[in-house]
Amino acid sequence: MSEDAFIVSPTRKHTATIIFLHGLGENGENWKQVLSKMVKPYVKVICLNAKKIPLTLNKGFPTAAWFDLASLDENKMEDEISIMRAVEKLHDIIDEEIASSKVSATKTMLAGFSQGGALAMYAALTYHKRLAAVLAMSSWPMLRHTMPEAAINNTNTPMLQCHGTEDPVIYHKWGKLMADTLSEMNPKHEFKSYEGLMHAVNDQELQDVKNFINKIFP
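Residues numbered from 1 in each chain as written. Predicted model: local features only at pLDDT ≥ 70, side-chain atom pairs only at ≥ 80, totals over all residues. Heavy atoms only, no water.

In the nomenclature of an unreviewed UniProt entry, the chain is known as palmitoyl-protein hydrolase of Melanaphis sacchari. Taken from UniProt, the Sequence similarities (unreviewed entry) comment for the chain reads in full: "Belongs to the AB hydrolase superfamily. AB hydrolase 2 family." (UniProt positions renumbered as here; feature names shortened; annotations may be inferred.)

Written out as structure tokens, the structure reads:
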């Protein structure tokens, strides 16, 4: 795990875990720095690193990505095989972490930014155990045509979804589409918009994320 992730180790008895997935072309290092300032001493943060794969969106150029993408247009076909492979791998990572740490699924939060957030949300809804919470930032509704039937779990789990109104990469309207789908399934889903924010985070969003994390893991 350590080779494939940047980890914030707890400084007290480990009783809660956050598994975080970065956005396209990133790695987990910056998110480790950000999240390390938000969590209580008993929380472990695992900022996973995606492997570089030939990305269709980048004309086949190897890019750190959780699954292949041909387009960011919501109406274009998704690579369902690549996505489901990523979902299953993430489920396995959660299972392995729970088994090795003895920290239960109900004390494990799944979170991510952009492509990582889209994957985290879909993986949570299709995971066989109840999680503590889910966080998605600047994301879109992945495999929307499979919902709500594919959602076998975590439809009553606290969810925070954040999105900038001026995002030129993952348009705010796509975030709103995701929010509409989730709010119909989950009464504990909350959607926050940030005026003028592009495909990034700002201080207000980070404060909201920190508040959410500390509400889940007080």
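There is more to say, and it comes next.
Engineer: Would you mind showing me how to read the overall build of the chain here?
Structural biologist: Per the secondary structure count, the chain includes five helices and nine strands. Counted from the first residue to the last, the chain has its helices and strands arranged as β-β-α-β-β-β-α-β-α-β-β-α-β-α. Taken over the C-alpha trace, the chain has a radius of gyration of 16 Å; the compact-globule value for 218 residues is 17 Å, and the two agree within 12%. Expressed along its principal axes, the backbone C-alpha trace of the chain runs to roughly 45 × 35 × 35 Å. Within the span of the chain, comprising 218 residues, buried residues form 50% of the whole. Within the chain, residue pairs in contact and separated by at least 24 positions form 75% of the contacts whose partners lie at least 6 positions apart. (Helix = DSSP H or I, 4+ residues; strand = E, 2+ residues; numbered from the N terminus. Rg over C-alpha atoms; globule rule 2.2 N^0.38 Å. Buried < 20%, exposed > 50% of the residue type's maximum accessible area, 1.4 Å probe, protein only. Contact = heavy atoms within 4.5 Å.)

Engineer: I tried to follow the nonpolar core on my own but got confused; where do I start?
Structural biologist: Soluble, globular proteins show a tendency: their nonpolar side chains are buried together. Core analysis: the biggest nonpolar cluster contains 44 residues, and Leu-48, Phe-67, Leu-90, Leu-110, Leu-119 and Met-142 have the highest contact counts within it. Of all the secondary-structure elements, those providing two or more residues to this core are strand E2 (16-21), strand E3 (43-48), helix H2 (80-101), helix H3 (115-125), strand E7 (133-137) and helix H4 (172-185). With near-sequence residues (within four places) excluded, Leu-110 lies in contact with Ile-19, Leu-90, Ile-94, Ala-120, Ala-123, Ala-124, Leu-131, Ala-133, Val-134 and Leu-135. By size, the runner-up hydrophobic cluster in this structure holds 28 residues, among which are Val-8, Cys-47, Phe-113 and Ala-133. (Core = buried A, V, L, I, M, F, W, Y, C linked by side-chain atoms within 4.5 Å.)

Engineer: When you look at the sheet that holds strand E9 (residues 189-194) in this model, what are you seeing that I'm missing?
Structural biologist: Two orientations exist for strands paired in a sheet by backbone hydrogen bonds: parallel and antiparallel. Taken in spatial order, the seven strands line up as E1-E3-E2-E6-E7-E8-E9 in an open sheet, and their pairing is mixed. The sheet is open, and its two edges are formed by strand E1 (5-8) and E9, each paired on a single side. Adjacent strand axes in the sheet meet at a mean angle of 15°, parallel and antiparallel pairs treated alike. One ladder, built from five bridges, connects E2 with strand E6 (residues 108-113); its direction is parallel. Each bridged residue has a counterpart across the sheet, and for Ile-19 the counterpart in E6 is Leu-110. Strands E2, E6, E7 and strand E8 (159-164) of the sheet are contacted by H3, whose axis makes an angle of about 145° with E6. (Pairing = 2+ DSSP bridges. Axes fitted to C-alpha atoms, helices over the stretch in contact; angles between N-to-C directions.)

Engineer: Please clarify how the state of the cysteines should be interpreted in this entry.
Structural biologist: Note on terminology: a disulfide is the covalent bond linking the sulfur atoms of two cysteines. Inspection of every chain in the model, using the stated rule, returns zero disulfides. Cys-47 provides the cysteine sulfur closest to Cys-162, a residue in no disulfide bond, and the two sulfurs are 16 Å apart. Residue Cys-162 is classed as buried on the basis of its relative accessible area of 0%. (Disulfide = S-S within 2.5 Å.)

Engineer: Would you mind going over the pattern of salt bridges with me for this structure?
Structural biologist: Oppositely charged side chains can pair when the atoms bearing their charge come close. Scanning the model with the defined rule gives four salt bridges in all. In this structure, Asp-4 and Lys-51 form a salt bridge, with 3.8 Å as the shortest nitrogen-oxygen distance. Highlighted residues: Asp-4 in the segment before E1 and Lys-51 in the loop between E3 and strand E4 (52-55), separated in sequence by 47 residues. A salt bridge links Lys-176 to Asp-180; the nearest nitrogen and oxygen atoms lie 2.9 Å apart. Here the residue Lys-176 and the residue Asp-180 both occupy positions in helix H4, the gap between them amounting to four residues, near one helical turn. A residue is classified by how much of its surface remains accessible, and Lys-176, at 39% relative accessible area, is partly exposed. Its relative accessible area of 33% is what places Asp-180 among the partly exposed residues. (Salt bridge = Lys/Arg side-chain N within 4 Å of Asp/Glu carboxyl O.)

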